[in-house]
Amino acid sequence: MTTTFPAWVVRKDDGANTAALEQLDTSTLDDLDTTVRVRYSSINYKDALALHGRPGVVRCTPLIAGIDLTGEVIESRHPRWNTGDVVTLDGAGLGEELHGGLAGIARVNGDDLVTVPAAFTPVQAAAIGTAGFTAALALLALERHGLTPGAGPVLVTGAGGGSGSIAVALLHHSGYEVTATTGRPDRLRARLTALGATEVIDRAELESQTRPLGQQRWAGVIDSAGGSVLAGALAALRHGAPAAAFGLAGGTQLPTTVLPFILRGVALLGIDSVRTAPTLRQQAWDRLARDLDPAHLDGLTRVVPLDQAQTAAAALLEGQGTGRTVIDVTQEGRTP
Ligand SMILES: NC(=O)c1ccc[n+]([C@@H]2O[C@H](COP(=O)([O-])OP(=O)(O)OC[C@H]3O[C@@H](n4cnc5c(N)ncnc54)[C@H](OP(=O)(O)O)[C@@H]3O)[C@@H](O)[C@H]2O)c1
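Now for a description of the structure that goes with this document.

Parameters and conventions
- Residues numbered from 1 in each chain as written.
- Predicted model: local features only at pLDDT ≥ 70, side-chain atom pairs only at ≥ 80, totals over all residues.
- Heavy atoms only, no water.
- Helix = DSSP H or I, 4+ residues; strand = E, 2+ residues; numbered from the N terminus.
- Rg over C-alpha atoms; globule rule 2.2 N^0.38 Å.
- Contact = heavy atoms within 4.5 Å.
- Areas by Shrake-Rupley, 256 points an atom, 1.4 Å probe, with all protein chains shown as cover.
- Near = heavy atom within 4 Å.
- Polar contact = N/O pair within 3.5 Å; in protein donor to acceptor, adjacent residues only side chain to side chain.
- Nonpolar A, V, L, I, M, F, W, Y, C, P; charged D, E, K, R; others polar.
- Domains from an automatic or database assignment.
- Buried < 20%, exposed > 50% of the residue type's maximum accessible area, 1.4 Å probe, protein only.
- Pairing = 2+ DSSP bridges.
- Right-handed = clockwise from strand over helix to strand, strands pointing away.

All right, on to the overall build of the protein chain then. When helices and strands are counted, the protein chain shows 10 helices and 16 strands. Against the compact-globule benchmark of 20 Å for 336 residues, the protein chain has a radius of gyration of 20 Å, which places it among compact chains. Projected onto its principal axes, the C-alpha positions of the protein chain cover 65 × 45 × 35 Å. Pairs at least 24 residues apart make up 72% of the contacts formed inside the protein chain by residues separated by at least 6 positions. As displayed, the protein chain offers around 13,500 Å² of accessible surface, 49% of which is attributable to carbon and sulfur atoms.

Taken together, the neighbourhood of the ligand is formed by 28 residues, with Gly 160, Gly 162, Ser 163, Thr 182 and Ser 273 sitting nearest. In this structure, an oxygen atom belonging to the ligand sits 2.6 Å away from a side-chain N or O atom of Thr 182. Arg 203 places a side-chain nitrogen or oxygen 3.0 Å from an oxygen atom of the ligand. Its residues placed into classes, the shell around the ligand shows nine nonpolar, 16 polar and three charged. The residues that make up the shell around the ligand include at least three from each of domain 1 (4-116 + 301-328) and domain 2 (130-270).

Here the focus is the pairing of strand β16 (residues 324-328). Of all five residues in β16, five are buried; the element is thus mostly enclosed. Residue alternation in β16 divides its side chains into two sets, Arg 324, Val 326 and Asp 328 and Thr 325 and Ile 327, and both sets are buried. Bridge analysis of strand β3 (residues 34-43) against β16 gives four bridges, and the strand direction is antiparallel. For Ser 42, the partnering residue across the bridge sits in β16 and is Val 326. Pairing of strand β15 (residues 301-305) with β16, which is carried by five bridges, proceeds in the parallel orientation. Bridged to Thr 301 within β16 is Arg 324. Handedness of the crossover joining β15 and β16 through helix α10 (residues 309-317): right-handed.

Next up, the structure:
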(Lines give C-alpha, C1' and ligand atoms only; values in the text may rest on other atoms or scores of the structure.)
Protein backbone atom coordinates (compact mmCIF):
# COMPACT_ATOMS: atom_id res chain seq x y z
CA MET A 1 0.00 0.00 0.00
CA THR A 2 1.33 3.45 -0.85
CA THR A 3 0.85 6.53 1.31
CA THR A 4 1.21 10.13 0.16
CA PHE A 5 3.19 12.72 2.08
CA PRO A 6 4.64 16.21 1.56
CA ALA A 7 8.37 16.63 0.88
CA TRP A 8 10.89 19.24 -0.22
CA VAL A 9 12.30 17.79 -3.44
CA VAL A 10 15.43 18.98 -5.24
CA ARG A 11 15.24 18.52 -9.02
CA LYS A 12 17.65 19.43 -11.78
CA ASP A 13 16.06 21.82 -14.21
CA ASP A 14 18.00 23.19 -17.19
CA GLY A 15 21.28 22.24 -15.50
CA ALA A 16 20.46 24.02 -12.23
CA ASN A 17 19.01 22.56 -9.03
CA THR A 18 15.71 23.90 -7.72
CA ALA A 19 13.74 22.82 -4.65
CA ALA A 20 9.96 22.75 -4.28
CA LEU A 21 7.42 21.37 -1.83
CA GLU A 22 5.66 18.45 -3.52
CA GLN A 23 3.30 15.57 -2.70
CA LEU A 24 5.02 12.19 -3.12
CA ASP A 25 4.05 8.62 -2.33
CA THR A 26 6.03 5.94 -0.51
CA SER A 27 6.94 4.13 -3.75
CA THR A 28 9.43 7.00 -4.31
CA LEU A 29 11.46 6.15 -1.20
CA ASP A 30 14.73 4.22 -1.02
CA ASP A 31 14.48 0.46 -0.38
CA LEU A 32 15.89 0.56 3.15
CA ASP A 33 14.97 -1.41 6.25
CA THR A 34 13.18 1.13 8.45
CA THR A 35 10.29 3.49 7.69
CA VAL A 36 9.88 6.54 9.93
CA ARG A 37 6.94 8.94 10.24
CA VAL A 38 8.93 12.16 10.46
CA ARG A 39 7.73 14.69 13.03
CA TYR A 40 10.58 17.18 12.84
CA SER A 41 13.61 18.00 10.76
CA SER A 42 15.84 21.06 11.01
CA ILE A 43 17.71 23.62 8.95
CA ASN A 44 21.48 23.16 8.90
CA TYR A 45 23.85 25.03 6.61
CA LYS A 46 23.80 22.09 4.18
CA ASP A 47 19.98 22.18 4.10
CA ALA A 48 20.11 25.89 3.29
CA LEU A 49 22.39 25.13 0.33
CA ALA A 50 20.15 22.31 -0.92
CA LEU A 51 16.88 24.23 -0.54
CA HIS A 52 18.30 27.13 -2.52
CA GLY A 53 19.69 25.02 -5.35
CA ARG A 54 23.34 25.58 -4.42
CA PRO A 55 25.87 22.90 -5.35
CA GLY A 56 27.93 20.73 -3.00
CA VAL A 57 25.28 18.83 -1.01
CA VAL A 58 22.77 17.04 -3.25
CA ARG A 59 24.66 14.34 -5.17
CA CYS A 60 21.78 12.96 -7.27
CA THR A 61 18.39 14.25 -8.37
CA PRO A 62 15.52 14.11 -7.82
CA LEU A 63 16.20 13.89 -4.08
CA ILE A 64 14.23 14.73 -0.94
CA ALA A 65 16.20 17.35 1.01
CA GLY A 66 16.92 17.30 4.73
CA ILE A 67 20.07 15.95 6.40
CA ASP A 68 18.39 14.99 9.67
CA LEU A 69 15.07 13.82 11.07
CA THR A 70 13.24 12.88 14.27
CA GLY A 71 10.10 10.77 14.33
CA GLU A 72 8.49 7.38 15.03
CA VAL A 73 9.24 4.05 13.46
CA ILE A 74 6.16 2.82 11.57
CA GLU A 75 7.69 -0.31 10.05
CA SER A 76 11.09 -2.04 10.32
CA ARG A 77 12.92 -5.17 9.21
CA HIS A 78 15.89 -4.14 11.41
CA PRO A 79 16.31 -6.24 14.59
CA ARG A 80 16.74 -3.17 16.84
CA TRP A 81 13.62 -1.23 15.90
CA ASN A 82 9.92 -1.68 16.57
CA THR A 83 6.83 0.24 15.56
CA GLY A 84 6.43 3.28 17.81
CA ASP A 85 10.12 3.72 18.70
CA VAL A 86 11.02 7.41 18.80
CA VAL A 87 14.24 7.88 16.88
CA THR A 88 16.57 10.47 15.44
CA LEU A 89 19.06 10.37 12.58
CA ASP A 90 21.79 12.78 11.49
CA GLY A 91 23.67 12.63 8.21
CA ALA A 92 24.45 9.09 6.98
CA GLY A 93 23.79 10.30 3.43
CA LEU A 94 20.32 11.68 4.18
CA GLY A 95 19.52 14.60 1.88
CA GLU A 96 22.82 14.09 0.03
CA GLU A 97 22.56 10.69 -1.67
CA LEU A 98 19.55 9.17 0.12
CA HIS A 99 16.07 10.72 0.36
CA GLY A 100 16.10 13.04 3.37
CA GLY A 101 14.16 14.26 6.37
CA LEU A 102 12.24 17.28 5.07
CA ALA A 103 9.32 14.97 4.37
CA GLY A 104 6.36 13.36 6.11
CA ILE A 105 7.82 9.86 5.72
CA ALA A 106 11.42 8.62 5.35
CA ARG A 107 12.94 5.21 4.78
CA VAL A 108 16.39 4.81 6.34
CA ASN A 109 19.11 2.38 7.45
CA GLY A 110 18.25 1.16 10.95
CA ASP A 111 21.97 0.91 11.82
CA ASP A 112 22.24 4.72 11.77
CA LEU A 113 19.22 5.46 13.98
CA VAL A 114 19.54 6.49 17.61
CA THR A 115 16.73 6.40 20.21
CA VAL A 116 15.78 9.92 21.28
CA PRO A 117 17.25 10.11 24.81
CA ALA A 118 14.76 10.44 27.68
CA ALA A 119 16.38 13.82 28.49
CA PHE A 120 14.86 15.34 25.34
CA THR A 121 11.46 15.72 23.73
CA PRO A 122 11.29 14.96 19.99
CA VAL A 123 11.34 18.68 19.20
CA GLN A 124 14.45 19.14 21.35
CA ALA A 125 16.14 16.19 19.62
CA ALA A 126 15.40 17.86 16.29
CA ALA A 127 16.76 21.15 17.62
CA ILE A 128 20.00 19.33 18.36
CA GLY A 129 19.97 17.68 14.92
CA THR A 130 23.13 17.54 12.86
CA ALA A 131 24.36 20.81 14.37
CA GLY A 132 24.35 19.59 17.96
CA PHE A 133 25.43 16.08 17.03
CA THR A 134 28.47 17.57 15.27
CA ALA A 135 29.26 19.85 18.22
CA ALA A 136 29.23 16.76 20.46
CA LEU A 137 31.49 14.84 18.05
CA ALA A 138 33.90 17.79 18.12
CA LEU A 139 33.97 17.88 21.93
CA LEU A 140 34.52 14.11 22.11
CA ALA A 141 37.42 14.45 19.65
CA LEU A 142 39.03 17.22 21.74
CA GLU A 143 38.68 15.11 24.86
CA ARG A 144 40.15 12.03 23.14
CA HIS A 145 43.13 14.27 22.46
CA GLY A 146 43.38 15.01 26.18
CA LEU A 147 41.38 18.21 26.71
CA THR A 148 39.93 18.51 30.21
CA PRO A 149 37.87 21.29 31.84
CA GLY A 150 40.83 22.58 33.88
CA ALA A 151 43.05 23.08 30.83
CA GLY A 152 41.97 26.65 30.06
CA PRO A 153 39.48 28.49 27.87
CA VAL A 154 38.07 26.76 24.77
CA LEU A 155 37.23 28.87 21.72
CA VAL A 156 34.05 28.32 19.67
CA THR A 157 33.88 29.96 16.25
CA GLY A 158 30.65 30.79 14.43
CA ALA A 159 29.13 30.82 17.90
CA GLY A 160 25.91 32.52 16.81
CA GLY A 161 25.06 29.70 14.38
CA GLY A 162 23.48 26.33 15.05
CA SER A 163 26.48 24.13 15.77
CA GLY A 164 28.39 26.99 17.40
CA SER A 165 25.55 27.85 19.82
CA ILE A 166 25.16 24.25 20.91
CA ALA A 167 28.94 23.86 21.27
CA VAL A 168 28.99 26.86 23.66
CA ALA A 169 26.15 25.40 25.77
CA LEU A 170 27.62 21.87 25.77
CA LEU A 171 31.12 23.01 26.73
CA HIS A 172 29.78 25.24 29.50
CA HIS A 173 27.65 22.49 31.04
CA SER A 174 30.63 20.11 30.76
CA GLY A 175 32.63 22.43 33.01
CA TYR A 176 34.75 24.27 30.43
CA GLU A 177 35.51 27.98 30.33
CA VAL A 178 34.22 29.13 26.93
CA THR A 179 35.26 31.99 24.65
CA ALA A 180 32.71 32.55 21.89
CA THR A 181 33.64 34.32 18.68
CA THR A 182 31.04 35.80 16.38
CA GLY A 183 30.72 38.22 13.50
CA ARG A 184 27.83 39.84 15.40
CA PRO A 185 29.22 40.58 18.90
CA ASP A 186 26.94 43.55 19.64
CA ARG A 187 23.80 41.65 18.68
CA LEU A 188 24.68 38.26 20.19
CA ARG A 189 26.81 39.02 23.28
CA ALA A 190 23.95 38.69 25.77
CA ARG A 191 22.65 35.52 24.15
CA LEU A 192 26.08 33.84 24.08
CA THR A 193 26.78 34.86 27.66
CA ALA A 194 23.45 33.31 28.70
CA LEU A 195 24.51 30.07 26.99
CA GLY A 196 27.67 30.01 29.11
CA ALA A 197 30.39 31.99 27.30
CA THR A 198 32.59 33.91 29.74
CA GLU A 199 34.08 35.99 26.94
CA VAL A 200 32.65 37.04 23.55
CA ILE A 201 35.08 38.32 20.94
CA ASP A 202 34.65 39.76 17.47
CA ARG A 203 35.46 37.40 14.60
CA ALA A 204 37.52 40.23 13.09
CA GLU A 205 40.06 39.76 15.88
CA LEU A 206 40.87 36.27 14.54
CA GLU A 207 40.68 37.27 10.88
CA SER A 208 43.24 40.03 11.46
CA GLN A 209 45.75 37.55 12.90
CA THR A 210 47.73 37.07 9.70
CA ARG A 211 50.86 35.59 11.29
CA PRO A 212 50.83 31.80 11.84
CA LEU A 213 51.86 32.15 15.48
CA GLY A 214 50.50 34.62 18.01
CA GLN A 215 49.88 34.87 21.73
CA GLN A 216 48.93 31.46 23.16
CA ARG A 217 45.38 31.80 24.49
CA TRP A 218 43.17 28.78 24.05
CA ALA A 219 43.35 25.19 25.29
CA GLY A 220 41.11 23.98 22.46
CA VAL A 221 38.95 25.14 19.56
CA ILE A 222 35.63 23.99 18.12
CA ASP A 223 35.51 25.50 14.64
CA SER A 224 32.56 25.87 12.29
CA ALA A 225 34.12 28.63 10.19
CA GLY A 226 37.31 27.44 8.49
CA GLY A 227 39.16 30.10 6.46
CA SER A 228 41.04 32.92 8.16
CA VAL A 229 39.02 32.41 11.37
CA LEU A 230 40.41 28.89 11.82
CA ALA A 231 43.89 30.07 10.82
CA GLY A 232 43.70 32.81 13.48
CA ALA A 233 42.48 30.30 16.06
CA LEU A 234 45.35 27.89 15.28
CA ALA A 235 47.82 30.75 15.76
CA ALA A 236 46.47 31.37 19.26
CA LEU A 237 46.29 27.78 20.53
CA ARG A 238 48.45 26.84 23.49
CA HIS A 239 51.27 24.36 23.07
CA GLY A 240 49.92 20.85 22.34
CA ALA A 241 46.30 22.01 22.13
CA PRO A 242 43.74 20.53 19.67
CA ALA A 243 41.32 22.18 17.25
CA ALA A 244 38.28 20.23 16.03
CA ALA A 245 37.23 21.58 12.63
CA PHE A 246 34.03 20.74 10.78
CA GLY A 247 32.86 23.86 8.98
CA LEU A 248 33.47 26.16 6.07
CA ALA A 249 31.10 29.06 6.82
CA GLY A 250 34.08 31.39 6.36
CA GLY A 251 35.62 29.55 3.40
CA THR A 252 37.46 26.41 2.42
CA GLN A 253 40.96 27.90 2.38
CA LEU A 254 43.24 27.63 5.40
CA PRO A 255 45.71 30.52 5.23
CA THR A 256 48.35 29.34 7.67
CA THR A 257 51.71 27.51 7.63
CA VAL A 258 53.00 24.35 9.26
CA LEU A 259 54.42 26.42 12.16
CA PRO A 260 51.54 25.93 14.66
CA PHE A 261 51.86 22.18 14.12
CA ILE A 262 55.64 21.78 14.22
CA LEU A 263 56.60 24.49 16.73
CA ARG A 264 53.64 24.20 19.10
CA GLY A 265 52.47 20.63 18.57
CA VAL A 266 48.98 21.89 17.79
CA ALA A 267 46.62 19.18 16.45
CA LEU A 268 43.97 19.75 13.79
CA LEU A 269 41.20 17.15 14.16
CA GLY A 270 38.75 16.80 11.28
CA ILE A 271 35.10 16.01 12.04
CA ASP A 272 32.81 14.32 9.51
CA SER A 273 29.37 13.83 11.04
CA VAL A 274 27.93 12.12 7.96
CA ARG A 275 29.92 8.89 8.03
CA THR A 276 29.97 8.38 11.79
CA ALA A 277 29.96 4.78 13.03
CA PRO A 278 26.91 3.68 15.08
CA THR A 279 28.88 3.36 18.35
CA LEU A 280 30.19 6.92 18.07
CA ARG A 281 26.70 8.17 17.15
CA GLN A 282 25.41 6.69 20.39
CA GLN A 283 28.32 8.17 22.39
CA ALA A 284 27.61 11.63 21.01
CA TRP A 285 23.90 11.41 21.87
CA ASP A 286 24.73 10.04 25.35
CA ARG A 287 26.99 13.04 25.88
CA LEU A 288 24.32 15.46 24.70
CA ALA A 289 21.80 13.83 27.05
CA ARG A 290 24.23 14.24 29.95
CA ASP A 291 25.60 17.71 29.30
CA LEU A 292 23.22 19.78 27.19
CA ASP A 293 20.70 21.68 29.28
CA PRO A 294 17.28 21.40 27.52
CA ALA A 295 16.41 24.89 28.80
CA HIS A 296 19.40 26.31 26.92
CA LEU A 297 18.30 24.42 23.84
CA ASP A 298 14.75 25.81 24.03
CA GLY A 299 16.17 29.32 24.32
CA LEU A 300 17.99 29.04 21.00
CA THR A 301 15.27 27.18 19.04
CA ARG A 302 12.40 28.34 16.85
CA VAL A 303 9.89 25.98 15.20
CA VAL A 304 8.43 26.71 11.76
CA PRO A 305 6.08 24.70 9.52
CA LEU A 306 7.29 22.63 6.58
CA ASP A 307 6.18 25.09 3.93
CA GLN A 308 8.45 27.78 5.45
CA ALA A 309 11.62 25.68 5.36
CA GLN A 310 13.05 27.36 2.27
CA THR A 311 12.34 30.86 3.59
CA ALA A 312 13.86 30.00 6.98
CA ALA A 313 16.97 28.64 5.26
CA ALA A 314 17.78 31.91 3.48
CA ALA A 315 19.21 33.55 6.63
CA LEU A 316 21.84 30.82 6.98
CA LEU A 317 23.12 31.45 3.46
CA GLU A 318 23.63 35.09 4.39
CA GLY A 319 25.52 34.13 7.57
CA GLN A 320 22.65 35.64 9.60
CA GLY A 321 21.02 32.55 11.09
CA THR A 322 20.92 32.39 14.87
CA GLY A 323 20.60 29.25 16.94
CA ARG A 324 18.48 26.42 15.57
CA THR A 325 15.43 26.26 13.31
CA VAL A 326 13.29 23.15 13.70
CA ILE A 327 10.90 22.23 10.90
CA ASP A 328 7.54 20.82 11.96
CA VAL A 329 6.83 18.48 9.06
CA THR A 330 3.28 17.75 10.18
CA GLN A 331 2.41 20.78 8.03
CA GLU A 332 0.01 22.50 10.37
CA GLY A 333 2.97 24.41 11.77
CA ARG A 334 1.77 24.01 15.33
CA THR A 335 4.41 24.57 17.99
CA PRO A 336 4.06 21.50 20.25
N1 LIG B 1 31.72 18.33 8.77
C2 LIG B 1 30.50 18.08 9.21
O3 LIG B 1 30.12 16.93 9.44
C4 LIG B 1 29.56 19.23 9.48
C5 LIG B 1 28.43 19.06 10.28
C6 LIG B 1 27.65 20.18 10.58
C7 LIG B 1 27.97 21.41 10.03
N8 LIG B 1 29.04 21.51 9.22
C9 LIG B 1 29.44 22.81 8.66
O10 LIG B 1 29.64 23.69 9.76
C11 LIG B 1 29.28 25.00 9.39
C12 LIG B 1 28.23 25.53 10.35
O13 LIG B 1 27.03 24.81 10.17
P14 LIG B 1 25.69 25.31 10.91
O15 LIG B 1 24.61 24.38 10.46
O16 LIG B 1 25.95 25.53 12.35
O17 LIG B 1 25.49 26.71 10.16
P18 LIG B 1 24.90 28.09 10.68
O19 LIG B 1 23.84 27.86 11.69
O20 LIG B 1 24.56 28.87 9.47
O21 LIG B 1 26.14 28.76 11.43
C22 LIG B 1 27.26 29.25 10.74
C23 LIG B 1 27.82 30.45 11.49
O24 LIG B 1 29.10 30.75 10.95
C25 LIG B 1 29.36 32.14 11.13
N26 LIG B 1 29.74 32.74 9.84
C27 LIG B 1 28.92 33.14 8.82
N28 LIG B 1 29.63 33.67 7.82
C29 LIG B 1 30.93 33.61 8.20
C30 LIG B 1 32.14 34.04 7.61
N31 LIG B 1 32.16 34.63 6.40
N32 LIG B 1 33.28 33.83 8.28
C33 LIG B 1 33.27 33.24 9.48
N34 LIG B 1 32.16 32.82 10.12
C35 LIG B 1 31.00 33.01 9.47
C36 LIG B 1 28.05 32.77 11.62
O37 LIG B 1 28.14 32.90 13.04
P38 LIG B 1 28.64 34.26 13.74
O39 LIG B 1 27.91 35.40 13.08
O40 LIG B 1 28.27 34.06 15.16
O41 LIG B 1 30.13 34.34 13.52
C42 LIG B 1 27.01 31.72 11.28
O43 LIG B 1 25.89 31.80 12.11
C44 LIG B 1 28.84 24.92 7.94
O45 LIG B 1 29.94 25.20 7.10
C46 LIG B 1 28.41 23.47 7.79
O47 LIG B 1 28.47 23.03 6.46
C48 LIG B 1 29.83 20.46 8.92
